[in-house]
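These are the residues of each chain, in order.
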Number of protein chains: 4
Amino acid sequence: MNLEHNTYGKADVQVLKVFRQGERHSVRELSVSVRVEGSAFAMNYTASDNASCVPTDTIKNNVYATAAEHLKDEAIELFAERLADNYLRRYSVIEKVTVSIDETAWNRVNNHEHSFQQAGGGRHYCVVEADRDGMEVSSGLTGLTVLKTSGSGFAGFHECDRTVLQPTDDRLMATTVTADWAFAGGSAYESARDKVVDCFLTVFSEEFSPSVQRTLYRVGEEVLGAVPEIAAITMSLPNEHYFPVDLERIGAKSNGTLFYPSKSPFGDIEATVTR
Amino acid sequence: MNLEHNTYGKADVQVLKVFRQGERHSVRELSVSVRVEGSAFAMNYTASDNASCVPTDTIKNNVYATAAEHLKDEAIELFAERLADNYLRRYSVIEKVTVSIDETAWNRVNNHEHSFQQAGGGRHYCVVEADRDGMEVSSGLTGLTVLKTSGSGFAGFHECDRTVLQPTDDRLMATTVTADWAFAGGSAYESARDKVVDCFLTVFSEEFSPSVQRTLYRVGEEVLGAVPEIAAITMSLPNEHYFPVDLERIGAKSNGTLFYPSKSPFGDIEATVTR
Amino acid sequence: MNLEHNTYGKADVQVLKVFRQGERHSVRELSVSVRVEGSAFAMNYTASDNASCVPTDTIKNNVYATAAEHLKDEAIELFAERLADNYLRRYSVIEKVTVSIDETAWNRVNNHEHSFQQAGGGRHYCVVEADRDGMEVSSGLTGLTVLKTSGSGFAGFHECDRTVLQPTDDRLMATTVTADWAFAGGSAYESARDKVVDCFLTVFSEEFSPSVQRTLYRVGEEVLGAVPEIAAITMSLPNEHYFPVDLERIGAKSNGTLFYPSKSPFGDIEATVTR
Amino acid sequence: MNLEHNTYGKADVQVLKVFRQGERHSVRELSVSVRVEGSAFAMNYTASDNASCVPTDTIKNNVYATAAEHLKDEAIELFAERLADNYLRRYSVIEKVTVSIDETAWNRVNNHEHSFQQAGGGRHYCVVEADRDGMEVSSGLTGLTVLKTSGSGFAGFHECDRTVLQPTDDRLMATTVTADWAFAGGSAYESARDKVVDCFLTVFSEEFSPSVQRTLYRVGEEVLGAVPEIAAITMSLPNEHYFPVDLERIGAKSNGTLFYPSKSPFGDIEATVTR
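Sequence order as written defines the numbering, with residues in each chain counted from 1. Chain A is the first chain written and ligand 1 is the first ligand written, with later ones labelled in order. With the structure being a predicted model, the display of local features is reserved for residues of pLDDT at least 70 and the display and counting of side-chain atom pairs for 80 or more, all residues being used for whole-chain, interface and lining totals.

As for the overall build of chain A
- Across its full length, chain A carries five helices and 11 strands.
- In chain A, once contacts between residues fewer than 6 apart in sequence are set aside, the share between residues at least 24 apart is 61%. Per the convention used, a helix needs a DSSP run of H or I reaching at least four residues, while a strand needs a run of E reaching at least two, with both numbered from the N terminus. With C-beta atoms placed from the backbone, a contact is any residue pair whose C-beta atoms sit within 7 Å.

Now the structure itself:
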């Protein structure tokens, strides 16, 4: 038998840090997951020998300690890089470490000094993969749900004996964006993220969408044009259907204003755009 | 055997309506649940006789038809009232109807004419109970999650041999507000809701909290003072604990900035404030 | 202003206890919630005075301590009673206590001495309300999902201009049972629960169902007949629709065998049967 | 700009099929997801040209039609293979198709002819990837939650200044198994799945576990020994912690029987075992 691949670590280490500048506080709340790899870990599996094993409890404790000493009020990617570097320096047995961070965002209540409200509008995450030769950083966002009531159609598609769908030049279109992008260099992570959101919302709202696929690609073009440091962007845009209610058979006037969400099954569109 | 109580209906009828004023659209997305009661329905249970039974499919269709014809871009309570009235008028067999509506809120993307982003920051709901003698309206909000990093303590409490908790005059406090309020009259539902949120956020952020209980009551006082039409308000304020990480035993400096969420178990505080 | 009603406590205190009889172990895993009431607690709200307040942390600790000393491998209702009694005896300020327990069931793996597999097929819960004058016990089950492919119809119902549903004497019927029942006395909680499940499954499978309502009532009749200690039973039986797929318009033969689940919206049927 | 990779399809197409052999029925309930790839689909993205696009609605309809005509009461892998083959034959534009099926299992109620109860104890799934050159089949199970109260330890691990964990030769161990395995050939999918579950439960219950890692590998060894057709197995075994309650500080006797689940953060162990 052969142990082809293995990885272990601690997932979902949740931590909130308070930054106090006099009376004015700020907070960051993160869920951190750390996975490590190294050739010495094979013996944990094949020989019941734990000598090389850094316990997942220790991995967790090191997240806490590093957050206490090194987490700043800044892009989560920077803390993920620092944390990845820390594991590689502390534990020679670790050859590769993957740090994933997912942020719970808090907004200030009425610009108050120490009161916050949990933000909506999607979550940010990042993944840093690091070994002794370097790091790769990717950033992502998920849970941004949007809908347009005009400016979307779908026509000219392949037809066959299974086709029921009618072509249309005016339909509702809704999706919950998941996007992640890889950096070719640089560390302007927060401005990159803002630009990705801005490109998405601009293309989504301003351009006619002849298909989810086309809109996805147009966003990719705009993002790569706007952010030189982004090498590639992958988007997953589920087509969350809203269908017109058939009012005629229930004795009501059908005027094209009433829809019901039918989120399962859903169209499942995903692609990667690179330079 | 005796059929002591019975109710039936259709739950979670989801509907999105588009309002088109020229190029400028707006949308409302609702989940509507309707429950009906009436003495004639007993025979559906006790005698296998369905003659009095308005099928739940029909109840659903009537939600759609009424939404198509009568849902406006206005407070959900007004549509719930109209819908309740509609069931009582259409079906003489219905003696009481309860309409519950839960709203999924959409905000405009960059003030765009027909593009929307799903809003965070809590959900609105309402419940209208109506019979031939009148209606009772209550409104609610849920899912508003807040946190304060200062201005909260808990001390002077009962102590016994099960006590481990230390008194403190400075702790983190976090909660996810669920509140519902009953109206003594009037129909200024949206301004009432705005004032409830405003009272909550103001008391939460501006006043020192000696206990979740005290904060709850102070919000109630402010709401009843600010909105004469509200007869009573019930709040449920789970105490979502954030505990300090014990850094000393893992070799890191403890400076009171690092916390971990421990949301289960949670303190469970609920009360009703009336005039 | 008036504090009309208040209650507080600790929710979702999760605990697993191991019972070791030599090499053979057994386990019980519970989520316990405790809510207390008492006239002295009003001052926690109205006067910022915590002197009467038993902290929710203490309430939690007492769940642990009581479980360590008094939880046996027996019906959860018996532990809930013991726990309720314990709070009343320990804290004179508590006038009423409500203990709710929800069980995560574990089955033995292959009759193994100390290895267990989490059980499916629904969850058990109970609620004990106790004050200085006595206790009321109710038991419940939830999450029992059943389906029948024959022996169910719905016809002879009220028709109107909103009616689309066709009468049928053969349809699929599916539901997820939630039931709770109150005891008039006795403590044969586990055998009562077994009989409730047995009555439900027998009526559901053996009898033709002319409506969900009728099936609900028939189960109630059987339960009250089979278990003299049960004073009343409330059931909630959502009608989880499975609709036939319309195969003809996609060029496939329609032979009445293919259905798709459409669980939202759902029929919402609830009633209480008493003696 | 370059469209590096793209895929689209329909996800979560839910279907229940009834098999009627006289009075005795059986049912299969599946969630089917289909993703397709092909070089011609690029123009949907880069040129707003939908001519090659088989709509996801059509993809869904073909799941229904194929299920109506070809779904048998047999291993889900066989239907996934048939479905994958069907897409490749019907649509020349599709170069690769991935069919994923997730099953909701139903057990008979008391051996009844047409009444069923939803099964617990984990879910089965499979993934078939097919192109013009052949197919690859993998099977999986998820949601099998197990716990052992003895026969598990963790000691001899790496220690450092972040170490708090004490070595132990007796701890609780709990996990929720996710496993998937690839076939080198053959089609005895159901017996393979039964043997995987059996190997897992046997190793888990019968062997002392010096670490989650070691137990994972031992299961892999047993599976590869028992099922020659399985080429590789990947397991993910989260270490779902149950920690002892610290009873001493709350005035109760500590006798090592009481634990609380602390499922977040969790140890995250994953590996692939091959021949």
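Things to note about the interface of chain C and chain A
- Between chain C and chain A, the contact holds six residues from the first and six residues from the second.
- Note on residue categories: nonpolar means Ala, Val, Leu, Ile, Met, Phe, Trp, Tyr, Cys or Pro, charged means Asp, Glu, Lys or Arg, and polar means any other residue, Gly included. Considering only residue class, the side of chain C that touches chain A consists of two nonpolar, one polar and three charged.

Structural notes on the domain arrangement of chain A
Residue and element names in this part refer to chain A.
- Boundary definitions for the domains trace back to an automatic or database domain assignment. By the assigned domains, chain A splits into domain 1 (8-132) and domain 2 (143-274).
- Contacts between domain 1 and domain 2 engage seven residues on the former and six residues on the latter.
- For the side of domain 1 that touches domain 2, the elements supplying multiple residues, two or more each, are α3 (76-90) and β6 (123-131).
- When its residues are assigned to classes, the side of domain 1 that touches domain 2 shows two nonpolar, three polar and two charged.

A few points about the interface of chain B and chain C
- In this complex, chain B contributes 66 residues to the contact, which on the side of chain C involves 66 residues.
- The dominant element in the side of chain B that touches chain C, judged by the number of residues it contributes, is strand β1 (residues 2-21) of chain B, at 13 residues.
- Here nine bridges tie β1(B) to strand β11 (residues 258-274) of chain C, and the two strands are oriented antiparallel to one another. Within β11(C), the residue paired with N6(B) across the bridge is A271(C). We call two strands paired when DSSP finds no fewer than two bridges between them.

Side note on the relation of the copies chain C and chain A
- Overlaying chain C with chain A gives an RMSD of 0.0 Å, the required rotation being 180° about an axis along which the chain moves by 0.0 Å. Taken together, the rotation and translation relating the two chain copies correspond to the operation of a two-fold axis. Closest to the rotation axis within chain C is the C-alpha of S262(C), separated from it by 4.7 Å.
- The residues that chain C uses at the interface reappear at the interface of chain A in 100% of cases, marking a shared surface. The least-squares superposition of copies is restricted to C-alpha atoms, and to residues with a pLDDT of at least 70 in both copies.

Here's the deal with the pairing of β1(B)
- Sheet topology note: the strand β11 (residues 258-274) of chain A/β1(B) ladder contains two bridges and is antiparallel. Within β1(B), the position partnered with L258(A) by the bridge is K17(B).
- The pairing of β1(B) with strand β2 (residues 24-37) of chain B spans 12 bridges and is antiparallel. Paired with G9(B) across the strands is R35(B), a residue of β2(B).
- Count of turn residues in the β1(B)/β2(B) antiparallel hairpin: two residues, of which G22(B) carries a positive phi of about 60°.

Observations regarding helix α3 (residues 76-90) of chain C
Residue and element names in this part refer to chain C.
- For α3, with 15 residues, the first-to-last C-alpha span of 21 Å sits near the 21 Å given by 1.5 Å per residue.
- Every buried residue of α3 is accounted for by I76, E77, F79, A80, L83, A84 and Y87. In a view along the axis of α3, the buried residues occupy a sector of 160°, so they form one face of it.
- Those residues of α3 hidden inside the fold are in contact with β2 (24-37), α2 (56-70), β3 (96-104), β6 (123-131), β7 (134-148) and α4 (189-206). By definition here, a helix of n residues has an expected span of 1.5 Å times n minus one. Exposure is read from a count of other C-beta atoms within 10 Å of each residue's own; the residue is exposed at 12 or fewer, buried at 20 or more and partly exposed in between. C-beta atoms are placed from the backbone. Taken from the helix axis, the directions to the C-beta atoms give the arc we talk about.

Structural notes on the environment of V36(B)
Residues and elements named next belong to chain B.
- Relative to the elements of secondary structure, V36 occurs in strand β2.
- On the neighbour-count criterion, V36 (24 C-beta atoms within 10 Å) is buried.
- Expressed as a C-alpha distance, the spacing of V36 and E69, which sit 33 residues apart in the sequence, is 22 Å.

Considerations on the packing of helix α2 (residues 56-70) of chain B against helix α3 (residues 76-90) of chain B
Residues and elements named next belong to chain B.
- Angles here are taken between N-to-C directions and fall from 0 to 180 degrees, while the axes themselves are lines fitted to C-alpha atoms, restricted in helices to the stretch in contact. Interaxial distance between α2 and α3 falls to 11 Å at its minimum, and their mutual angle equals 125°. Considering the angle they form, α2 stands oblique to α3. The chirality of how α2 crosses α3 is right-handed. In this structure, α2 contributes N62, V63, T66 and H70 to the contact, and α3 contributes R82, L83 and N86.
- Here the contact of α2 with α3 is composed, by residue class, of two nonpolar, four polar and one charged. Roughly parallel means an angle under 35 degrees; roughly antiparallel, over 145; roughly perpendicular, 65 to 115; everything else is oblique. Working rule for handedness: look at the near helix, and if it is turned counterclockwise from the far one by less than a right angle, call the crossing left-handed; if clockwise, right-handed.

With respect to unusual backbone geometry
- With an omega dihedral of 0°, the bond running from S264(B) to P265(B) counts as a cis peptide bond.
- Position of P265(B) relative to the elements: it lies in strand β11 (residues 258-274).
- With a phi close to 55°, S48(D) is a non-glycine residue in the positive phi region.
- With 17 C-beta atoms counted inside 10 Å, the residue S48(D) sits in the partly exposed group.

Overview of the environment of A65(C)
- With respect to the helices and strands, the residue A65(C) is situated in helix α2.
- Along the primary structure A65(C) and S209(C) are separated by 144 residues, whereas in three dimensions their C-alpha atoms are 48 Å apart.
- Residues in contact with A65(C), not counting those within four places in the same chain, are R162(B), L247(D), I250(D), G251(D) and A252(D).

Concerning the confidence of the model for chain A
- The pLDDT score gives, residue by residue, the confidence of the prediction method on a 0 to 100 scale. For chain A, the average pLDDT comes to 94, and 100% of its residues sit at 70 or higher.
- Scoring of the predicted complex yields 0.93 for pTM and 0.90 for ipTM.

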